[in-house]
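# Per-entry structural report
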Amino acid sequence: MTAVTTTTHTTTQTTDTTTTAPLTALAEDGARQVRRRRRLAPGKRLPAARLAGPAAVLASWSIASAAGLLDPGAIPAPWTVLETGSRLWSAGTLPDDILTSLQRAATGFSIGLTVGILLALASGLTRTGEALIDGTVNLNRAIPTLGLIPLFILWLGIGETFKIAIIAIVVYIPIYLNTHAALSGIDSRFVELAEVQGLSKFRFIRQVVIPGALPGFFVGLRLGVTGSWLGLVVLEQINATSGLGYMMFQAQNYGQTDVILVGLVVYGIFGLISDSAVRIVERRVLSWRRTLSS
């Protein structure tokens, strides 16, 4: 009886081992596949990762300046630029120039943003609008915007109006192109589904068009923000009496490289802050998306 019991127990252990082994192998194989899949993704987002590049540039600049590898007359050390910036801020000239530049950039950007969105909607939602608008905008894109400066000076004068108009053109083109491309890329099955559901034009735009166009819109928005600063640095050197570009132009006449670098650093800081702000808004608005970066 004992022998029979022992044999049965041994048989049960053998059966359990035989059954468990394939399950363990399958589990290990599944874990390996999951690990392989996870290796394809970039991984977790590092904190303040986008500041690593500028920090590396600043560190290299500081080391090269301290080692005497850079000519102080051509490229002053970071601490020299910081000291010059503090002096200009204490004198009150730098805050006034920054405020003037911000007002110009904000006004031109607002106009360009509004025009770009309206033209993209009109061109992307109607065939008539596309026929009238899309070709014209692409023609405008093919013409260098800064090459329009002499013509706009003749039309609008040498004051603030032509500067704002040029910034608006620089901004609206990327916003229009990317938003229009996103609208054109909306899957036609969504349109058919909206028609079957009997959605009104307003609900169709709110529930289908806007969510489908937002990713492209934010790409254009980032390009437009950057373009507004790039256009501003050129425009403020043309018959301006204030602004960061004017400050840099005056420093060029007197060979003040440190003042020029102060202006470039301020432009870079504002560009980085504005781009980061757009990214933050984009991540929150498009939190429903599951993409490689998220």
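See the structure shown above.
Please read these numbers as outputs of a predicted model, since none were measured by experiment.

## Digging into the overall build of the protein chain
Counting its secondary structure elements, the protein chain contains 11 helices and 0 strands. The linear arrangement of helices and strands in the protein chain, starting from the amino end, is α-α-α-α-α-α-α-α-α-α-α. Pairs at least 24 residues apart make up 70% of the contacts formed inside the protein chain by residues separated by at least 6 positions. Surface accessibility of the protein chain: about 18100 Å² in total, with carbon and sulfur atoms responsible for 66%.

## Some words on the packing of aromatic side chains
According to the stated counting rule, one finds 4 aromatic pairs in the structure shown. Here Phe152 and Trp155 contribute two aromatic rings whose centre-to-centre distance is 5.6 Å and whose plane-to-plane angle is 40 degrees, an arrangement assigned as tilted. In this pair, Phe152 and Trp155 are both assigned in helix H6 (residues 149–156), 3 residues apart and thus about one turn of the helix distant. Its relative accessible area of 59% is what places Trp155 among the exposed residues. On the numbers, 5.5 Å between centres and 5 degrees between planes, the contact of Trp229 with Phe270 is stacked. Placement of Trp229 in helix H9 (residues 201–235) and of Phe270 in helix H11 (residues 257–285) is noted, with a sequence separation of 41 residues between them. By relative accessible area, which is 11% here, Trp229 ends up buried. An aromatic cluster of three or more residues is present, and its members are Trp229, Tyr267 and Phe270.

## Quick word on the packing of helix H2 (residues 52–66) against helix H3 (residues 78–91)
Between H2 and H3, the shortest axis-to-axis distance is 9 Å and the interhelical angle comes to 105 degrees. With respect to H3, the element H2 is oriented roughly perpendicular. Taking contact as the criterion, the partners of Leu58, Trp61, Ser62, Ser65 and Ala66 in H2 are, on H3, Pro78, Trp79 and Val81. The residue inventory of the contact of H2 with H3, partitioned by class, reads 6 nonpolar, 2 polar and no charged.

## Describing the environment of Phe109
Along the chain, Phe109 turns up in helix H4 (residues 93–125). What makes Phe109 buried here is its relative accessible area of 17%. Separated by 60 residues in the primary sequence, Phe109 and Ile169 place their C-alpha atoms 8.9 Å from one another. Once residues within four sequence positions are removed from consideration, Phe109 is found in contact with Ile167, Val171, Leu221, Gly224 and Val225.

## Quick word on the side chain of Ser228
Inspection of the secondary structure puts Ser228 in helix H9. Dropping the residues within four chain positions of it, Ser228 is found in contact with Ile167, Val170 and Val171.

## So, the packing of helix H5 (residues 127–142) against helix H7 (residues 160–184)
With their axes 10 Å apart at the nearest point, H5 and H7 run at an angle of 130 degrees to one another. Considering the angle they form, H5 stands oblique to H7. In this structure, H5 meets H7 at a crossing whose hand is left-handed. Two secondary-structure elements touch here, H5 through Glu130, Ile133, Asp134, Val137, Asn138, Asn140 and Arg141 and H7 through Ile169, Tyr172, Ile173, Tyr176, Leu177 and His180. Looking at the contact of H5 with H7 residue by residue, the classes come out as 7 nonpolar, 3 polar and 3 charged.

## Let's talk about H3
For H3, built from 14 residues, the straight-helix expectation of 20 Å at 1.5 Å per residue is met to within 8% by its first-to-last C-alpha distance of 20 Å. Turning to H3, its buried residues number three or more, namely Pro78, Val81, Thr84, Gly85 and Leu88. Relative to the axis of H3, the buried residues are bounded by an arc of 125 degrees and lie together on one face. Those residues of H3 that are exposed and angled more than 90 degrees off the buried face are Leu82, Glu83, Ser90 and Ala91.

## Concerning the pattern of salt bridges
Scanning the model with the defined rule gives 6 salt bridges in all. Arg104 is the salt-bridge partner of Glu160, the closest N and O atoms lying 2.7 Å from each other. Within this pair, whereas Glu160 is found in helix H7, its partner Arg104 is found in helix H4, the two being separated by 56 residues in sequence. Residue classification places Arg104 among the buried residues on the basis of a relative accessible area of 5%.

## Looking at a nonpolar patch on the surface
A cluster of nonpolar residues, Leu151, Leu154, Trp155 and Leu156, forms a patch on the protein surface that exposes about 460 Å² of accessible area. What makes Leu154 exposed here is its relative accessible area of 72%.

Reading the values: the criteria
- In every chain, residue numbers begin from 1 and rise along the written sequence.
- Selection of residues for local features in this predicted model requires a pLDDT of at least 70, selection of side-chain atom pairs for listing and counting requires 80 or more, and totals for whole chains, interfaces and linings are taken over all residues.
- The side-chain numbers reported here are obtained from all heavy atoms of the structure, hydrogens and water having been left aside.
- Runs of E in the DSSP output that reach at least two residues are strands. Runs of H or I that reach at least four are helices, and both are numbered from the N terminus.
- Throughout, a contact is declared for two residues whenever any of their heavy atoms are within 4.5 Å.
- Each accessible area value is a Shrake-Rupley result obtained with a 1.4 Å probe; residue values ignore everything except the protein chains displayed when judging cover.
- Centre distance within 6.5 Å is the pairing criterion for rings of Phe, Tyr and Trp, where only the six-membered ring of Trp is used; planes under 30 degrees apart are then read as stacked, over 60 as edge-to-face, and the remainder as tilted.
- Summary of the burial criterion: residues with accessible area below 20% of their type's maximum are buried, those above 50% are exposed, and those between are partly exposed, where the area comes from a 1.4 Å probe applied to protein chains only.
- Only the contacting stretch of a helix is used when fitting its axis, a line to C-alpha atoms as for every element, and angles between N-to-C directions run 0 to 180 degrees.
- Oblique is the label for any angle not covered by the other classes, which are roughly parallel (under 35 degrees), roughly antiparallel (over 145) and roughly perpendicular (65 to 115).
- Each residue is assigned to one of three groups, with Ala, Val, Leu, Ile, Met, Phe, Trp, Tyr, Cys and Pro labelled nonpolar, Asp, Glu, Lys and Arg labelled charged, and all others, Gly among them, labelled polar.
- Rotating anticlockwise by less than a right angle from the far helix to the near helix defines a left-handed crossing, while the corresponding clockwise rotation defines a right-handed one.
- Every helix has an expected span of 1.5 Å times one less than the residues it contains.
- Working definition: the arc comes from the directions between the helix axis and the C-beta atoms, pointing outward to the latter.
- A pairing counts as a salt bridge when a side-chain nitrogen of Lys or Arg comes within 4 Å of a carboxyl oxygen of Asp or Glu.
- Residues enter patches when they are more than 30% accessible in relative terms and free of salt bridges; like-charged ones are connected within 9 Å and nonpolar ones (Val, Leu, Ile, Met, Phe, Trp, Tyr) within 5 Å.

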